[in-house]
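This is what each chain is made of:
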There are 6 protein chains.
Amino acid sequence: MSPIPELPPLLYEDLVRAALREDLGVAGDLTSAAIVPADLTTTGQVLVRAPGRVAGLCAACRAFELLDPEARVDSIAGDGADVEPGTVIAEVTGRAQALLSAERTAMNLLGHLSGVATLTREVTLALQGLPTRVVCTRKTTPLLRALEKHAVRVGGGANHRFGLDDAVLIKDNHRAIAGSAVEAVRRARAHVGHLVKVEVEIEDLADLEGVLSLGVDAVLLDNMTPDQLRQAVAIVAGRALTEASGGVTAEGARAIAETGVDLISIGRLTHSAPALDVSFELSPRR
Amino acid sequence: MSPIPELPPLLYEDLVRAALREDLGVAGDLTSAAIVPADLTTTGQVLVRAPGRVAGLCAACRAFELLDPEARVDSIAGDGADVEPGTVIAEVTGRAQALLSAERTAMNLLGHLSGVATLTREVTLALQGLPTRVVCTRKTTPLLRALEKHAVRVGGGANHRFGLDDAVLIKDNHRAIAGSAVEAVRRARAHVGHLVKVEVEIEDLADLEGVLSLGVDAVLLDNMTPDQLRQAVAIVAGRALTEASGGVTAEGARAIAETGVDLISIGRLTHSAPALDVSFELSPRR
Amino acid sequence: MSPIPELPPLLYEDLVRAALREDLGVAGDLTSAAIVPADLTTTGQVLVRAPGRVAGLCAACRAFELLDPEARVDSIAGDGADVEPGTVIAEVTGRAQALLSAERTAMNLLGHLSGVATLTREVTLALQGLPTRVVCTRKTTPLLRALEKHAVRVGGGANHRFGLDDAVLIKDNHRAIAGSAVEAVRRARAHVGHLVKVEVEIEDLADLEGVLSLGVDAVLLDNMTPDQLRQAVAIVAGRALTEASGGVTAEGARAIAETGVDLISIGRLTHSAPALDVSFELSPRR
Amino acid sequence: MSPIPELPPLLYEDLVRAALREDLGVAGDLTSAAIVPADLTTTGQVLVRAPGRVAGLCAACRAFELLDPEARVDSIAGDGADVEPGTVIAEVTGRAQALLSAERTAMNLLGHLSGVATLTREVTLALQGLPTRVVCTRKTTPLLRALEKHAVRVGGGANHRFGLDDAVLIKDNHRAIAGSAVEAVRRARAHVGHLVKVEVEIEDLADLEGVLSLGVDAVLLDNMTPDQLRQAVAIVAGRALTEASGGVTAEGARAIAETGVDLISIGRLTHSAPALDVSFELSPRR
Amino acid sequence: MSPIPELPPLLYEDLVRAALREDLGVAGDLTSAAIVPADLTTTGQVLVRAPGRVAGLCAACRAFELLDPEARVDSIAGDGADVEPGTVIAEVTGRAQALLSAERTAMNLLGHLSGVATLTREVTLALQGLPTRVVCTRKTTPLLRALEKHAVRVGGGANHRFGLDDAVLIKDNHRAIAGSAVEAVRRARAHVGHLVKVEVEIEDLADLEGVLSLGVDAVLLDNMTPDQLRQAVAIVAGRALTEASGGVTAEGARAIAETGVDLISIGRLTHSAPALDVSFELSPRR
Amino acid sequence: MSPIPELPPLLYEDLVRAALREDLGVAGDLTSAAIVPADLTTTGQVLVRAPGRVAGLCAACRAFELLDPEARVDSIAGDGADVEPGTVIAEVTGRAQALLSAERTAMNLLGHLSGVATLTREVTLALQGLPTRVVCTRKTTPLLRALEKHAVRVGGGANHRFGLDDAVLIKDNHRAIAGSAVEAVRRARAHVGHLVKVEVEIEDLADLEGVLSLGVDAVLLDNMTPDQLRQAVAIVAGRALTEASGGVTAEGARAIAETGVDLISIGRLTHSAPALDVSFELSPRR
């Protein structure tokens, strides 16, 4: 696998800090303050307890570093690693109070993002040998978009739009207001900048020629049968990218990909991926 | 069902605003700006497309109100309603551009929180007739804790700790540092305020008497077999609450509840609930 | 002129609030507190004192509304209006203390953004009759990008990238690292999503064929002579958009446009536009 | 030149961080992520391409440091240096991805602030040999006031009020409400603290004696002819500072200064200074 | 008493919102959510239980309005009122849950600020008939400076500097670095703007002539005996304001004022004023 | 004294940063910028000038570190130390400008928090030999709760609730709405989580049996005479904690404690503790 670039911490550091504050509240970690000696330094292991693909390790471990700026994180199997239950993927050494106070925040991030990567991985494996790419959507968790999109890339998927601001995607509601898909595309082309791509959702294959003639970059084929998809791919004939969407599961993906669409977009990669089971265990003292 | 109190908007408004900014970026909603007339007012329907329990409707609809302070939200089936596919749960009237720009943020919140409530509901139904309560954990999504805990309540569950700051929960790592469960409880009791409860995770039933003699409020029985749980319940004999945890599924919950434990805590309620399928559709113009 | 959509207030409200705080400090408006009766309500006029095009009126007037939520703003000549010295473009009625405290913040925004629109207008007028479009760059004032890009649109220009996140623009530094323009484009194509366009800066016309064969969407021709530009346009032959840049002034723009380039990008539209002279005058009391 | 103190980073660090976020958005720097190897370290030069005076170098370079905390900035010609085209004023060594992602934010700040210093320098040079001081106004760019005021000092100018909170400045609107300049001054003197100075704008020289008798610290003479200014200076006779304002240009400043006014305030120093042309170039690899 | 202008809410609204969040945490008001019906509307009275002067009523009541935007606050005895135990100073009508959740935040602000006004009032009464003014210092509570300075004005006192940014105050540490008080004043005069006043702390009366000859605006006479103060006043002879400071109590203030100093500054007005006893009582239901 | 754990800086760092900004404003520290050479490094001493107990030293000194990240703080007598006038409790070495700019913010925090600890210490000493614990309330200064609660612990007291979110406390207003204390307790028990304790304020001793039978954890006895308290303690007979409150002073505390109550809560510990006199003095240069 070619390496997925790490996110710059500026893109997630405020999130991690806010998550720590959410957990610490005003009173802080009552349990650790009462039980753990302030000057105790220790080492803990970040452990994966189920098979899956790791994602978000840096963001997760930032939680430890924010509570103990002197903490040292040694990454053993970073983002993109496929691990078996019981694998230690990082070791963290620092003040024991800080590590325990950060543990849940770190594990919540790691478990969620690795869950996204693991589900994405599952789908991309199902398409092995086919050229179709798996992409995620804007159906992400509030404030986690940068990290979840990263996790999708780590899982072998690609990213669709990051927001309302980086491309045009004309959907049913826009089409209804414009009166037709063609008119909606026409308005989009007239208003957006020269570096903005335009994709349009097609409900009726009869609309395809019209929008293609206006030079759309991609067509979104929502909730179509494999037959309809095949037909659409044939009509488009390479003049635009074709994207299938609509309740796609890991099991159903291959049949859709075999219709020849370029992309399959799957909301559940980000909104319904079960968390990967991860934990943080203090190393036994020697 | 007795009504679950709404959250005060102060607890989630900043989150919704930040989520809108995440989606709008600097350029804003390119598609709506290009296609939708600025002065068009319209009505849209919030629709549930799968069976489930609604949660988070107010927080979700705040997205519409933040982009159009004049928008009117008419709630038809609010938090706690059990709905069938196709149910319209709210109607929103306002500037069309604003409604479409807020749509995804609103649906992401509603789908996620309703997913949490729906899964919780499923588990609580499985325990019908038994006194055992289902509780969630601190395994929540960063910055969504207040809303997810609310969704659990809406689903018929109860809340465990909200953070590190509102109760003591002694887990394996603390026990390891203190040397024993008893010593950990002793330290906690000595340090925390008079309105703070103390729960301790027990690995070995032999530890039960010791911690009970120190007056713990609850014991956490992690990853125990039904037999062990039954034994623990017998030893505790009402002197503290008993809580079972560890990979509990909706299917496995009843067997655990039948051991007589007071509480079953389930992380997946918040970290792995699949989103409920919801959408926002502009009403056909008349 | 077809109307330019207003920005959603969410995109600038925090900026205006922060600008008011910057001016008010901890002590607030000493002068108005000392001189203006707290209960005095008054009306003031927003006046343009030099010829130009108005932009940013809504954002500017939000300053008045933030200090007096009851204030009423009556817009007379909004964004896009070309005005002569002495034109009253809005009337604001509210608490006199609040209006005077907000005056400078409002005028600073209005003067700056109208200055951007006015300069842009000047350049677009110079190209009248030619198909070449004027675009701005990312050389914007920190935190004012959304508003400045809006002002450019109001002035008749178009927008280039809004940030590092919405398109790929390969410049000299990237090319140097990749080894060649072609290799840089190849890497970009391999990594970015299907809705992301790719533009590449060309220093040597010999590179054109290579990058065109990889399907770039636009080529940036920096600091080229009209002859070189003409040559480039001929080579590209419609296979990508052509963009000229490099110290273009209002005077020099037409000669460049006549080479047939599709776009001229001009940093000074946003970083060096002189402010339009605007002021806020309390109406004489009747 | 006696050195101008550096600003404490606390006064601008949040601005630089927010400006980086504005440019990075949610997706980050697509181009650098795709093209630049994550582990590549490089050195780049901050270059001035036009004659001018440098200002804001520390604030600008903070952008590099925020994206790469390990980056090393070697300042060669800092704030206050007068440089010729082609001068390298700093070298920055760090992770290439981070440097390229920060480049535009850094250059936007440096170009703008150096533009302010350069224009201020031009005006102060025009007054050489005269005791009159050049001061800026509150006509600054939102959120950049601390930095722009610093740039004015670096350019040889002085600062007028920093906000509504540090001195009283009675202008036409206040005078109109109070009924007369004298009454306005009386109210100000009665209400403000003992460490607050009071300046009053005078429209009619007949008002001068009245306000001087109340002990104003300065009089603002707006849009007066040199003859009127001379007359005002004679009447004031050192009892207060005299300040001329109103559309002063670098060319017209000397004639005004020769009237003997103590200060000339010029809004365009901050609101209309063209940016200085600066750039960041990766050093050729050796 | 001439009315003290209200502060613009922009100066304290964020503080009140943050204080509410500090009290509500993530879980919100457990008690009210459990006990108070969500739809119950009620009226409560803000009651003063000890003699004192009211200050901060608007800021305090903003807490109610932030939790219930529909709440109505009827102010009966606002800032500046001198009240006896048992006086109802405001009535608040709104959702009972919201009022009870905001109660403590509101009362904490009101009690603290009224405490400051009450102590200030006590000192100013002690000086009745004398021209000496009582001023507060920068020894304020973090983030409460605007409100505490307001409370001092409400109590009949005046404000000294609001921050490090609105005037120069040369103290012992600065003098030590500069080498002498005269040299410190010389440096200050050379660097600060024309609307900035300069005050210098004098330890040795022999320094007075030197600093007066440089035109300082005020001299701070710290920890001097009445005799020394009298001597200093005689030397200064109206050439600058004279300010006495150093552990002044309400009892000791008059003796100091009788030395003829213009100002007495008292840190304890803001850092040690006991809170006024205030409470919020729901009106008995009729 | 067993050591009181330090607070994690995350709980107060934003407060200290905001307090510095409140003091620095936009213009920064005019005095130090004018007088203190930028490159001067110096050492200063944190000095206590009155007898008392130190609290908040780390938070206070963070102010120095935030303005000079290279500053070195050597703590001599940290939180919990009882000091005599003239004691040097810390030495700080760093850039002189930064130290002087941070001085007031640091001393304001240290003086206030040490004042809280000193008053708490005074009360706890008054109870020596008795088992009754002194606790603080939610009558804290906005945004200082975490630090003030810490200072109370440092002074030998204990903490009551940290917020509305960590325990139930039923007061008169809740009781009035519920109709009776018993009904209020019943509702609380039915709704709150298993780790939440419930305390109820009792006005009439006749209510005691009812609430005890519902298993309340503590009863709050407000404004009762020693006789009433004694009676209440006898009725409760260990079935719940007993807490006395209501205008308790250091002098009156012992008599109350002797009634046998478990806890005495005192609002004035946090809302009315006079600041401890502390200062920061630059060491004489050697």
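Residues numbered from 1 in each chain as written. Chains lettered and ligands numbered in written order. Predicted model: local features only at pLDDT ≥ 70, side-chain atom pairs only at ≥ 80, totals over all residues. Heavy atoms only, no water.

Visitor: Could you clarify how one ought to interpret the relation of the copies chain E and chain B in this entry?
Guide: Mapping one chain copy onto the other needs a rotation about an axis and a shift along that axis. When chain E is fitted to chain B, the best match, at an RMSD of 0.0 Å, comes from turning it 120° and sliding it 0.0 Å along the axis. When the rotation and shift are considered jointly, the pair of chain copies conforms to a three-fold rotation axis. In terms of C-alpha distance to the rotation axis, chain E has E:Asp14 as its closest residue, with the C-alpha 7.2 Å off the axis. (Least-squares fit on C-alpha atoms with pLDDT ≥ 70 in both.)

Visitor: Sorry, what's going on with the interface of chain E and chain B here?
Guide: Many structure descriptions define interface size as the accessible area lost when the parts assemble. Each side of the interface is counted separately: chain E has 11 residues, and chain B has 7 residues. Both faces considered, chain E and chain B share a buried interface measuring about 850 Å² in area, 72% of it formed by carbon and sulfur atoms. It is E:Arg21, E:Val26 and E:Ala27 that lose the most area in chain E upon contact with chain B, and together they represent 51% of the buried surface on that side. Counting across the interface, chain E meets chain B through 1 salt bridge. Taken together, the links from chain E to chain B amount to 1 residue pair in polar contact (both at pLDDT 80 or more). The dominant element in the side of chain E that touches chain B, judged by the number of residues it contributes, is helix α1 (residues 13–24) of chain E, at 4 residues. Its residues assigned to classes, the side of chain E that touches chain B shows 6 nonpolar, 3 polar and 2 charged. (Contact = heavy atoms within 4.5 Å. Buried area = accessible area lost by both parts, 1.4 Å probe. Salt bridge = Lys/Arg side-chain N within 4 Å of Asp/Glu carboxyl O. Polar contact = N/O pair within 3.5 Å; in protein donor to acceptor, adjacent residues only side chain to side chain. Helix = DSSP H or I, 4+ residues; strand = E, 2+ residues; numbered from the N terminus. Nonpolar A, V, L, I, M, F, W, Y, C, P; charged D, E, K, R; others polar.)

Visitor: It is not clear to me how the confidence of the model for chain A should be interpreted in this structure. Could you clarify?
Guide: Low pLDDT marks stretches whose predicted atomic positions should not be read closely. Looking at chain A as a whole, the pLDDT averages 95, with 98% of positions reaching at least 70. For this predicted complex, the interface confidence comes out at an ipTM of 0.96, alongside a pTM of 0.97. (pLDDT = per-residue confidence, 0-100.)

Visitor: What exactly am I supposed to notice about the pattern of salt bridges here?
Guide: A side chain with one charge can pair with a side chain of the opposite charge if their charged atoms come near. Per the stated rule, a full pass over the model turns up 101 salt bridges over all chains. Close ionic contact of E:Arg254 with E:Glu258 constitutes a salt bridge, the shortest N to O distance being 3.5 Å. Between F:Asp82 and F:Arg53 there is a salt bridge whose closest N-O contact spans 2.9 Å. Here F:Asp82 is found in strand β4 (residues 82–83), whereas its partner F:Arg53 is found in strand β2 (residues 52–53), with 29 residues between them in sequence. Classification of F:Asp82 as partly exposed rests on a relative accessible area of 48%. (Buried < 20%, exposed > 50% of the residue type's maximum accessible area, 1.4 Å probe, protein only.)

Visitor: Mind showing me how you'd approach the side chain of E:Arg153 here?
Guide: Residues and elements named next belong to chain E. Among the structural elements, Arg153 can be located in helix α5 (residues 145–154). For the buried Arg153, which has no salt bridge, the nearest side chain bearing the opposite charge is Glu6, at an N-O separation of 8.6 Å. Once you skip the residues sitting within four places of it in the chain, Arg153 turns out to touch Ile4, Leu7, Asn159 and Phe162. (Lys, Arg positive; Asp, Glu negative; His and termini not counted.)

Visitor: Any chance you could explain the interface of chain A and chain B here in plain terms?
Guide: Taken residue by residue, the interface counts 66 residues in chain A and 66 residues in chain B. Looking only at chain A, the three residues that lose the most surface to chain B are A:Ile35, A:Leu164 and A:Ile177, adding up to 15% of its buried area. Between the two partners, chain A and chain B, sit 4 salt bridges. The shortest N-O distance in the salt bridge between B:Arg145 and A:Asp23 comes to 2.5 Å. Counting the contacts that link chain A with chain B gives 32 residue pairs in polar contact (both at pLDDT 80 or more). Among the elements that line the side of chain A that touches chain B, the one with the most residues is helix α4 (residues 96–126) of chain A, at 7 residues. Residue classes in the side of chain A that touches chain B are distributed as 37 nonpolar, 14 polar and 15 charged.

Visitor: Would you mind going over the domain arrangement of chain A with me for this structure?
Guide: Residue and element names in this part refer to chain A. Entries for chain A in the domain assignment read domain 1 (9–119 + 273–285) and domain 2 (125–271). Once you take the C-alpha centre of each, domain 1 and domain 2 turn out to be 35 Å apart. Listed per partner, the contact involves 15 residues of domain 1 and 15 residues of domain 2. Summed over both sides, the interface of domain 1 with domain 2 buries roughly 1,200 Å², with 73% coming from carbon and sulfur. Its largest share of buried area at the contact with domain 2, domain 1 owes to Leu15, Val116 and Leu119, together 36% of the area lost on that side. Here domain 1 is connected to domain 2 by 4 residue pairs in polar contact (both at pLDDT 80 or more). Element by element, the count of residues in the side of domain 1 that touches domain 2 is highest for α4, at 6 residues. Residues belonging to the side of domain 1 that touches domain 2 are distributed by class as follows: 11 nonpolar, 2 polar and 2 charged. (Domains from an automatic or database assignment.)

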